[in-house]
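Chain by chain, the residues run as shown.
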Amino acid sequence: MEKIFPKPLKKGDKIAIISPAGSVEPSQLEKGLDMIKSKGYEPVLGENLYTKFSNGYNYAGTEAERLKDMNWALNDPEISAIWASRGGYGCQHLLEGLNLKEFTKNPKWYIGYSDNTVIQSYLLKKGFASIHGQTIKTSSFGVTEESYALLFDILKGKKPKYSLKSHQFNKQGNIEGELIGGNLALVYALLGTKYSFNFSDKILFIEDIGENFYALDRMMMSLELAGVFKKIKGLIIGGMTNMGDEKDNQQYEESFDEFAYQLISDRISKYNFPVIFGFPNGHIKDNRPLIIGSEITVKVEDKVKLEF
């Protein structure tokens, strides 16, 4: 299926800001909303952006309220892009109720990461690319300016090119293919469902935060048992941070936890597709955006190059 890329934004275009999962405070979005305005776009706030609903987790409203905002943002013809305020948990609740009737006539970029991976998998199933990049909330955390500058470049129609230093666990090789994936916990949570990514001949990206090491290995083991590593043609590993036990892990605050990387490296050791470790995307300060659904060219040599 040929992937559809939304048309570039123009100055004055409207960007819907919605909370599809966890709740947010207005103070957490101020910086991000100001930044959108400073770039010449108009943020339009979803009706339930700041709604709160506690049900074992602090959601940004009930499932019906969050779905209402999502379907409004997807289908309103005046909206040119959709930017998630944050991730957390809750996007899976929305999958069965998503409506793309008007969206298909006027495709728009969906921007987010973390829990938003499931929305991006859904869109990809329908043939639409999306941006795996910073949410609005993270602008209040001291995220690098490049994280957002590159994201606005994509909105304007400019594709990114990345050069990285090599990593000791990398596996060399040159490949071209379609980029899929996102947050590992959500890639794993969708396995066996009709919303799961199609892994055949794809380049898989994974990142994660706050997992015990055994849980990380369990997810990697599930991907192995599902045959994912026999299907993909390449693997990119981004941020692995706040992993394991804070008391015992000296790298707990690091963006690229070395023990997490060792576990992943061991789990895929018998496969010979190219692998990139240390890609700057994930729950980290320097989150360089990726386009899910885009064809990419990857060169893993003494230096690493990734081009869209």
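Relevant structure appears above.
Overview of the structure. Given the structure is predicted, the values throughout are model-derived calculations rather than measurements. (Residues numbered from 1 in each chain as written. Predicted model: local features only at pLDDT ≥ 70, side-chain atom pairs only at ≥ 80, totals over all residues. Heavy atoms only, no water.)

Attention shifts here to the sheet that holds strand β9 (residues 173–183). Across the sheet, 7 strands lie side by side as β8-β15-β14-β9-β10-β11-β12; this open sheet has mixed pairing. Two strands in the sheet have a free side with no partner beyond their single neighbour: β8 (161–165) and β12 (275–277). Recorded for the sheet is a direction-independent mean angle of 25° between the axes of neighbouring strands. Of the strand pairs in this sheet, strand β11 (residues 234–241) and β12 are connected by 3 bridges, and their pairing is parallel. Bridging from a neighbouring strand, leucine 235 pairs with valine 275 of β12. (Pairing = 2+ DSSP bridges. Helix = DSSP H or I, 4+ residues; strand = E, 2+ residues; numbered from the N terminus. Axes fitted to C-alpha atoms, helices over the stretch in contact; angles between N-to-C directions.)

Here we take up a positive patch on the surface. Residues Lys11, Lys39, Lys156 and Lys158 make up a contiguous surface patch of positive charge. Within the secondary structure, lysine 158 sits in the loop between α4 (145–155) and β8. Given a relative accessible area of 53%, lysine 158 falls into the exposed group. (Patch = residues over 30% accessible without salt bridge, like charges linked within 9 Å, V, L, I, M, F, W, Y side chains within 5 Å. Areas by Shrake-Rupley, 256 points an atom, 1.4 Å probe, with all protein chains shown as cover. Salt bridge = Lys/Arg side-chain N within 4 Å of Asp/Glu carboxyl O. Lys, Arg positive; Asp, Glu negative; His and termini not counted. Charge placed at Lys NZ, Arg CZ, Asp CG, Glu CD. Buried < 20%, exposed > 50% of the residue type's maximum accessible area, 1.4 Å probe, protein only.)

In the case of a regular strand, side chains alternate between the two sheet surfaces. In terms of burial, β9 is a largely internal element, 8 of the 11 residues being buried. Here β9 runs beside strand β14 (residues 295–300); their pairing, made up of 6 bridges, is antiparallel. Bridging from a neighbouring strand, glutamate 176 pairs with threonine 297 of β14. As paired strands, β9 and strand β10 (residues 202–209) are joined by 6 bridges and run parallel to one another. Note that in β10 the partner of isoleucine 180 across the bridge is leucine 204.

Interaxial distance between helix α6 (residues 213–225) and helix α8 (residues 258–267) falls to 10 Å at its minimum, and their mutual angle equals 25°. As far as their axial angle goes, α8 and α6 are roughly parallel. Crossing of α6 against α8: the hand is right-handed. Between α6, through Phe213, Leu216, Asp217, Met220, Met221 and Glu224, and α8, the contact on the second element is made entirely by Phe259, Ala260, Leu263, Ile264 and Arg267. Split by residue class, the contact of α6 with α8 holds 8 nonpolar, no polar and 3 charged. (Parallel < 35°, antiparallel > 145°, perpendicular 65-115°, else oblique. Left-handed = near helix turned anticlockwise from the far one by under 90°. Contact = heavy atoms within 4.5 Å. Nonpolar A, V, L, I, M, F, W, Y, C, P; charged D, E, K, R; others polar.)

Further remarks concern α6. For α6, spanning 13 residues, the distance from its first C-alpha to its last is 18 Å, which sits close to the expected 18 Å at 1.5 Å a residue. Among the residues of α6, Phe213, Ala215, Leu216, Met219, Met220, Leu223 and Glu224 are the ones counted as buried. At its buried positions, α6 is contacted by α5 (184–189), β10, α7 (228–231), β11 and α8. Of the residues flanking the end of α6, it is glycine 227, one or two places downstream, whose phi is positive at about 80°. (Expected span 1.5 Å × (residues − 1).)

Here we come to the side chain of serine 294. Note on placement: serine 294 falls in the loop between β13 (290–292) and β14. Excluding its chain neighbours within four sequence positions, the residues that come into contact with serine 294 are Phe5, Gly177, Glu178, Leu179 and Phe308.

In total, this model carries 18 aromatic pairs according to the counting rule given. Considering the side-chain rings of tryptophan 83 and phenylalanine 152, the 5.6 Å spacing of their centres and the 65° angle between planes classify their relative orientation as edge-to-face. Residue tryptophan 83 is found in strand β5 (residues 79–84), and its partner phenylalanine 152 is found in helix α4; the two are separated by 69 residues along the sequence. With respect to burial, tryptophan 83 and phenylalanine 152 carry one shared label: buried. These aromatic residues form a ring-pair network of at least three members: Tyr41, Trp83, Tyr148 and Phe152. (Phe/Tyr/Trp six-rings, centres within 6.5 Å; stacked < 30°, edge-to-face > 60°.)

Owing to its 3.6 residues per turn, the α-helix brings residues three or four apart onto one side. Burial in α8 covers these residues: Ala260, Tyr261, Leu263, Ile264 and Ser265. Of the surrounding elements, those touching the buried residues of α8 are α6, β11 and β12. The N-cap residue of α8 is aspartate 257: its side-chain oxygen and the backbone nitrogen of phenylalanine 259 are 3.0 Å apart. (Polar contact = N/O pair within 3.5 Å; in protein donor to acceptor, adjacent residues only side chain to side chain.)

Next up on the list: the environment of tryptophan 72. Here tryptophan 72 lies in helix α2 (residues 63–75). By relative accessible area, which is 27% here, tryptophan 72 ends up partly exposed. For the pair tryptophan 72 and threonine 297, spaced 225 residues apart in the sequence, the C-alpha separation amounts to 35 Å. The contact partners of tryptophan 72, leaving out residues within four places of it in the chain, are Ala16, Ile18, Val44, Leu45, Gly46 and Ile79.

As a further point, take the side chain of serine 121. The residue serine 121 is located in helix α3 (residues 117–125) in this model. Looking at serine 121, the relative accessible area reads 1%, which means it is buried. Contacts of serine 121, omitting those with residues within four sequence positions, involve Leu190, Tyr195, Ser196 and Phe197.

One open sheet holds the 6 strands; their spatial order is β2-β1-β5-β6-β7-β13, and the pairing between them is mixed. Of all the strands in the sheet, just β2 (42–45) and β13 have a single pairing partner and so form its edges. Neighbour-to-neighbour, the strand axes of this sheet turn through a mean angle of 30°, independent of strand direction. Pairing of strand β6 (residues 109–112) with strand β7 (residues 130–132), which is carried by 2 bridges, proceeds in the parallel orientation.

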